[in-house]
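Survey of secondary and tertiary structure
What follows is the residue order along each chain.
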Amino acid sequence: MSMTADYLELSDVRVEFDGFRAVDGVSMTVLQGDLRFLIGPNGAGKTTLVDAITGLAKATGSIRFGRSDLLGRPVHRIARLGIGRTFQTASVFEELSVLQNLDIAAGAHRGPLTLLRARTAVPATVEEALETVGLAAHRERKAGELSHGQKQWLEIGMLLVQNARVLALDEPVAGMSADERQATGELLHAVGADRTVIVVEHDMDFMRAFADSVTVLHAGRVLAEGGVTDVQADPRVQEVYLGT
Ligand code: ADP
């Protein structure tokens, strides 16, 4: 049986706050294996767009992942469909070990729906996740003792054991050392090979080094989209970023 890759498809997505359109008709498609960076000035609507995908913000339009319609579903249902999210401040259980954090994440996912999802994808085991995110040597350490970067990787590991097929990451390398940035970029490529990854990012060097494709948001709309080189050369993007 041939299987079509799942992809995330947004069509004319809008989010309003008291009549103000924070996201104003965004359409975009992110394929599996495409490491997509979402950039744009402060207030462009990046966070709100990710909130719409993950169910935190009420949106109109259409948001689909594979055959599932995400729009209007509660946050936990969207998570169960394989849409995972990290925030700038990693939310790990600081008093528990790395292993315990992963066990809890894996346990939280077990349930009737796991069987349904297993037809298309199998969640990473805790051991696989430890290896993938490079924390195997730290398995017994308290999460609270990890570096900022390691906490971010642990959180990504927690999404992997929950069988996340889409990972939306909010400024994953903010506050990281150069080595951690490099490791994170490589990690995102590894996990993104058979998943859909969206990275909200301000760090342009990181974007240039690791993005497969870029969507530039400005005032709630898509200003430009494409490969890194083309997007950077786009005069509209330069105007927004440099004010020229
Ligand atoms: P970005 O992530 O690109 O910096 P945001 O998505 O955070 O942008 O914000 C987009 C716009 O929506 C901003 O003008 C912001 O002030 C506004 N906004 C975001 N969240 C809310 C909210 N809960 N209520 C009202 N306005 C909001």
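Residues numbered from 1 in each chain as written. Predicted model: local features only at pLDDT ≥ 70, side-chain atom pairs only at ≥ 80, totals over all residues.

**Topic: the nonpolar core**
Our working rule: Core membership is restricted to buried Ala, Val, Leu, Ile, Met, Phe, Trp, Tyr and Cys residues, and these are joined into a nonpolar core through C-beta atoms within 7 Å. Partly exposed residues are those whose C-beta has more than 12 but fewer than 20 other C-beta atoms within 10 Å; with 20 or more the residue is buried, with 12 or fewer it is exposed, and the C-beta atoms are placed from the backbone. Going along the chain from the N terminus, every DSSP run of H or I of four or more residues is numbered as a helix, and every run of E of two or more is numbered as a strand.
Counting 68 residues, the largest nonpolar core has Leu102, Leu154, Val161 and Leu167 as its most contacted members. With seven residues, the single largest contributor to this core is helix α6 (residues 148-161).

**A few points about the sheet that holds strand β5 (residues 68-69)**
The condition that has to hold: Pairing between strands requires that DSSP locate at least two bridges from one strand to the other. In this description, any two residues whose backbone-derived C-beta atoms lie within 7 Å of each other are considered to be in contact. Helix axes are fitted to C-alpha atoms over the stretch in contact, other axes to C-alpha atoms as well, and angles between N-to-C directions run from 0 to 180 degrees.
The four strands are arranged β2-β1-β4-β5 in an open sheet whose pairing can be described as antiparallel. With one partner strand each, in any of the chains shown, β2 (20-30) and β5 form the two edges of the open sheet. Pairing analysis gives five bridges linking strand β1 (residues 8-17) to strand β4 (residues 60-65), with the strands arranged antiparallel. Within β4, the residue paired with Arg14 across the bridge is Thr60. Each of β1, β2 and β4 is contacted by helix α1 (residues 46-54), which is oriented at about 65° to β2, the strand it contacts most.

**Some thoughts on the sheet that holds strand β3 (residues 35-39)**
As a general point, the strands of a sheet are linked pairwise by backbone hydrogen bonds and lie either parallel or antiparallel. The strand order across the open sheet built from six strands is β6-β7-β8-β3-β9-β10, with neighbouring strands paired in mixed fashion. At either end of the open sheet lies a strand with only one pairing partner, and these are β6 (83-86) and β10 (221-226). With direction set aside, neighbouring strand axes in the sheet form an average angle of 20°. Two elements, β3 and strand β9 (residues 213-218), share four bridges in a ladder whose sense is parallel. What sits directly across from Leu38, in β9, is Thr215. Contacting β3, β6, β7 (166-170), β8 (196-200) and β9, α1 runs over the sheet at an angle of about 150° to β7. Across the face of the sheet, α6 comes into contact with β6 and β7 while running at roughly 165° to β6.

**Notes on the confidence of the model for the protein chain**
The condition that has to hold: On a range of 0 to 100, pLDDT expresses the predictor's confidence in each residue.
Within the protein chain, residue pLDDT values average 90, and 90% of them lie at 70 or more. Across the whole predicted complex the pTM is 0.90, and at the interface the ipTM reaches 0.97.

**Things to note about the site of the ligand**
As a reminder of what qualifies: By definition, a residue lies near a molecule or strand provided its backbone-derived C-beta atom is within 6 Å of it. For this classification, the nonpolar set comprises Ala, Val, Leu, Ile, Met, Phe, Trp, Tyr, Cys and Pro, the charged set comprises Asp, Glu, Lys and Arg, and every other residue, Gly included, is treated as polar.
In the region of the ligand, the neighbouring residues are Phe17, Ala22, Gly40, Asn42, Gly43, Ala44, Gly45, Lys46, Thr47 and Thr48. At three residues, the largest contribution of residues to the shell around the ligand is made by α1. Tallied by class, the residues present in the shell around the ligand amount to three nonpolar, six polar and one charged.

**Description of the pairing of β1**
Pairing analysis gives eight bridges linking β1 to β2, with the strands arranged antiparallel. Among the inter-strand pairings, Leu8 is bridged to a residue of β2, identified as Val30.

**Here we look at the packing of α6 against helix α7 (residues 178-192)**
Condition: Relative orientations are named as follows: roughly parallel for angles under 35 degrees, roughly antiparallel for angles over 145 degrees, roughly perpendicular for angles from 65 to 115 degrees, and oblique for any other angle.
One way to put it is that α6 packs onto α7 with a least axis distance of 10 Å and a crossing angle of 10°. Between α6 and α7, the angle falls in the class roughly parallel. Every residue of α7 that contacts α6 at Gly149, Gln152, Trp153, Ile156 and Leu160 is listed here: Glu180, Thr184, Leu187 and Val191. Per-class residue counts for the contact of α6 with α7 are five nonpolar, three polar and one charged.

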